[in-house]
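Spelled out from the first residue to the last, the chains are:
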Amino acid sequence: MSAVLRVAVLLDREDDTALSVALALSRSVGAELVAIRAGGDVAAADEAALSRALLLGAGRAVRLADAILVQLDYLGLATALACTLRTLECRLIVAGDRGQGAVGPAVAERLDLPHLCGVMSARLLPAEAPENPLWVERRLTDQVQHLSGPAQAVLCVTQRSLLAAPPKTDPSSEGQGQGQAQGQGTLLTWKLDDVGLSAAVLVHRRRLRVAEGVEPVSHPRPRCFDSAAALVARLRQDGLLPRR
Amino acid sequence: MANVLVLLELRHGAVLPVSLEALGQARRVATSLGATLYALVPLPEAPTYGEDDIIALCARHGADKVVLLTDDRLGSEGEMRYGTHGRAVLAACEQLPPTLLILGASAGARDLAPRVAARLGALYLPEGWVSMQAGQLVLCDRAGRPLTPNEDEEGAAGGLEHTAVITVPPGRYQVAVGADEAEMVIVAAPPGKPDFAEVGRVLSAAAYVVGEGAEAVREAFVLSGAGDEDAAGPTLAPPGLVVALDAAVPPLAGAIRVAAGEGAAGQVHAHYALPMREAATALVEALSWQAPTIPEITLEIAVDPT
């Protein structure tokens, strides 16, 4: 299994949570971890994130660079990332679930893979469950759900709370990661044509612009409750508090 | 004629209030657009006599037509996700190509909506705003800023070339009042293999605090020693929440906004408010007797000028 499985992590800003899950997955079966980040002409932030992934244990890091990438909506970006993942032959992908949380599911759509959002942790257990070796823990509204499924999927990892401690690194693997970064870890910069794309193919997926100079839209105020009891009753209806 | 679709989410057999609010705003938009409003209702099996109730409910809240989605996977897990509901929703979208597909912002919608949007090649606006202004469809991002297509992408539907998939948070929109009856349509999902299999579920509590008071709450959380932090994040027991809020609220003036939802920091999933600062204490007391399990609650503490 580890000979053919390659885990990818899609880095979006400071995405420690997704990186932690991806590292744990790749280490559990000895698979290579490839860190990927798409960006425009300014490389500094992308390269810093990718270098950090290499330091923590990724075997390769790929920066997909083109000016059009920063103008794209979720689906345009997902299309570019999916082509990169195909080129790298990665079929187990970990993505962040912050912000719009849309790129991960859209990558799954482009690669025709199953996906899960709200993922808290994941493990690969090929010896115990060869048919469905991927075990996933994900958050529902008021429950934590456990699922098993195929080893080829897109997992969208939920962001940690502000209250949560920073992700802990495994001291034993940190040394290994540094060794890879200094010796084996490689940071590559790819252009769109390296993954079989061109800006012309993606340009129709530029994201909407914020309208300037238009009359402001009048939005409704938040729903205001007269009492805490009324709010609690609504939270219960929402499924956010246990029913009596 | 344009189609506006609203996917209703059921939990414990009841429609979530946010789904009816989404239906209400969709009613107002559809009326202005001259579109037909369809309420999509996922049912695990073919409808029975009792389903008349849900059709009447949808009609009373503004639906022109009610589409009953059937698939044996729809009731297989506690909440919807793309793997259980995606095929049925896409089957409906194939039969009734939507100009707008609106869902209540929920944990399930966060999994389902972006994937459906991607399949449709649609715009995706999580926790977005949708309204009509001067006869034009206006879509706004999460921050409420109006969006406009790029110059070369303007199309017929409200200036947009693509279908738009939008989630709206609880509490944002009012429900609508409609007729007593609506036409019913049944759409069955095509057969397909399941992706993941549910192994189990456990109740899990967690509380998160974001906004201007977050730092004070975090400090109080640490100082009080409340909660039990695990790999998935902190579990803040109700007494800990009381201590934390007591520490955080006094420096703030005005009202507090309460955002309840998935708990991921920065992701506001409801637009609720309590009018006075003192209400924070009352809220926490009300929550406290929910022990031992408070599901994820995000309290966004912020000064509200009103």
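Every value quoted in this text rests on a predicted model; they were computed, and no experiment measured them.

Asks: Which parts of the structure should I look at to understand the overall build of chain B?
Replies: A tally of helices and strands in chain B yields 7 helices and 19 strands. If you take every contact in chain B between residues at least 6 apart in sequence, the share linking residues at least 24 apart comes to 76%. Here chain B has roughly 11600 Å² of accessible surface; of this, 55% comes from carbon and sulfur atoms.

Asks: Would you mind going over the packing of helix H1 (residues 16–29) of chain A against helix H2 (residues 44–56) of chain A with me for this structure?
Replies: Between two packed helices, what matters for the description is the angle formed by their axes and the separation of those axes. All names here are of chain A. Where H1 contacts H2, the two axes come as close as 11 Å, and the packing angle between them is 35°. Crossing handedness for the pair H1 and H2: right-handed. The residues of H2 that touch H1, namely those facing Asp 16, Leu 19, Leu 23 and Arg 27, are Arg 52, Ala 53 and Leu 56. By residue class, the composition of the contact of H1 with H2 is 4 nonpolar, no polar and 3 charged.

Asks: Would you mind showing me how to read helix H4 (residues 107–120) of chain B here?
Replies: Three- or four-residue spacings in an α-helix give side chains the same orientation, since the helix completes a turn every 3.6 residues. All names here are of chain B. Between the first and last C-alpha of H4 there are 21 Å, a value that for 14 residues agrees with the 20 Å anticipated at 1.5 Å per step. Burial runs high along H4: 12 of the 14 residues are buried. Within the span of H4, buried status applies to Ala 107, Gly 108, Ala 109, Arg 110, Asp 111, Leu 112, Ala 113, Pro 114, Arg 115, Val 116, Ala 117 and Ala 118. Positive backbone phi, approximately 65°, marks Gly 121, located one or two places after H4.

Asks: Explanation requested: the sheet that holds strand E5 (residues 65–70) of chain B in the structure shown.
Replies: Sheet strands pair via backbone hydrogen bonds, and the direction of the pair is either parallel or antiparallel. All names here are of chain B. If you walk across this open sheet you meet the 7 strands as E7-E11-E6-E1-E4-E5-E12, and the pairing is parallel. Both edges of this open sheet fall to strand E7 (123–125) and strand E12 (183–188), since each of them pairs with a single strand only. When the angles between neighbouring strand axes are averaged without regard to direction, this sheet yields 20°. Here strand E6 (residues 100–104) pairs with strand E11 (residues 164–168) via 5 bridges, running parallel. Along E11, the bridge assignment pairs Ile 102 with Ile 166. Set on the sheet, helix H2 (residues 52–60) makes contact with strand E4 (36–43), E5 and E12; between it and E5 the angle comes to about 140°.

Asks: Quick question: what am I supposed to make of the side chain of Asp 141 of chain B here?
Replies: Relative to the assigned elements, Asp 141 of chain B resides in the loop between strand E9 (136–140) and strand E10 (147–148). Accessibility expressed as a relative area gives 11% for Asp 141 of chain B, which makes it buried. Here Arg 145 of chain B takes part through its side chain, which lies 2.7 Å from a polar atom of the side chain of Asp 141 of chain B. Excluding anything up to four places from it in sequence, Asp 141 of chain B contacts Val 210 of chain A together with Glu 127, Gly 128, Trp 129 and Leu 147 of chain B.

Asks: Where do I start with the environment of Arg 145 of chain B in this structure?
Replies: In this fold, Arg 145 of chain B is placed in the loop between E9 and E10. Sequence separation of Arg 145 of chain B and Glu 9 of chain B is 136 residues, and the distance between their C-alpha atoms is 27 Å. Residues contacting Arg 145 of chain B, with those up to four places away along its chain left out, are Val 210 of chain A together with Leu 139 and Cys 140 of chain B.

Asks: Can you help me understand the environment of Asp 12 of chain A in this one?
Replies: Residues and elements named next belong to chain A. Mapped onto the elements of the fold, Asp 12 is located in the loop between strand E1 (6–10) and H1. On the accessibility criterion, Asp 12 (32% relative accessible area) is partly exposed. Sequence spacing of Asp 12 and Arg 37 is 25 residues, and the spatial spacing of their C-alpha atoms is 6.8 Å.

Asks: Would you mind showing me how to read the confidence of the model for chain A here?
Replies: Caution applies to low-pLDDT regions: their predicted coordinates should not be interpreted in detail. Confidence in the prediction of chain A, expressed as mean pLDDT, is 82, and 75% of residues score 70 or more. Here residues 170–183 of chain A is modelled with pLDDT under 50, and outside its nearest four sequence neighbours on either side it reaches 16 contacts, counting other chains as well.

Asks: Could you clarify how one ought to interpret the packing of aromatic side chains in this entry?
Replies: Applying the stated criterion across every chain, the model contains 2 aromatic pairs over all chains. Measuring from ring centre to ring centre gives 5.9 Å for Tyr 74 of chain A and Tyr 124 of chain B, while their planes differ by 65°; the resulting arrangement is edge-to-face. Linking Tyr 74 of chain A in helix H3 (residues 74–88) with Tyr 124 of chain B in strand E7, this pair reaches from one chain into another. Overall, Tyr 124 of chain B belongs to the buried group, its relative accessible area being 5%. Taking 6.4 Å as the distance between ring centres and 85° as the angle between the ring planes, the aromatic pair formed by Trp 129 of chain B and Tyr 173 of chain B counts as edge-to-face. With Trp 129 of chain B in strand E8 (residues 129–133) and Tyr 173 of chain B in the loop between E11 and E12, the pair connects residues that are 44 residues apart, well separated along the chain. On the basis of relative accessible area, Trp 129 of chain B is assigned to the buried category, the value being 6%. Directly above the ring of Trp 129 of chain B sits Arg 172 of chain B, whose terminal nitrogen or CZ lies 3.4 Å from the centroid.

Cut-offs applied
- Residues numbered from 1 in each chain as written.
- Chains lettered and ligands numbered in written order.
- Predicted model: local features only at pLDDT ≥ 70, side-chain atom pairs only at ≥ 80, totals over all residues.
- Heavy atoms only, no water.
- Helix = DSSP H or I, 4+ residues; strand = E, 2+ residues; numbered from the N terminus.
- Contact = heavy atoms within 4.5 Å.
- Areas by Shrake-Rupley, 256 points an atom, 1.4 Å probe, with all protein chains shown as cover.
- Axes fitted to C-alpha atoms, helices over the stretch in contact; angles between N-to-C directions.
- Left-handed = near helix turned anticlockwise from the far one by under 90°.
- Nonpolar A, V, L, I, M, F, W, Y, C, P; charged D, E, K, R; others polar.
- Expected span 1.5 Å × (residues − 1).
- Buried < 20%, exposed > 50% of the residue type's maximum accessible area, 1.4 Å probe, protein only.
- Pairing = 2+ DSSP bridges.
- Polar contact = N/O pair within 3.5 Å; in protein donor to acceptor, adjacent residues only side chain to side chain.
- pLDDT = per-residue confidence, 0-100.
- Phe/Tyr/Trp six-rings, centres within 6.5 Å; stacked < 30°, edge-to-face > 60°.
- Lys NZ or Arg CZ within 6 Å of the ring centre and 35° of its normal.

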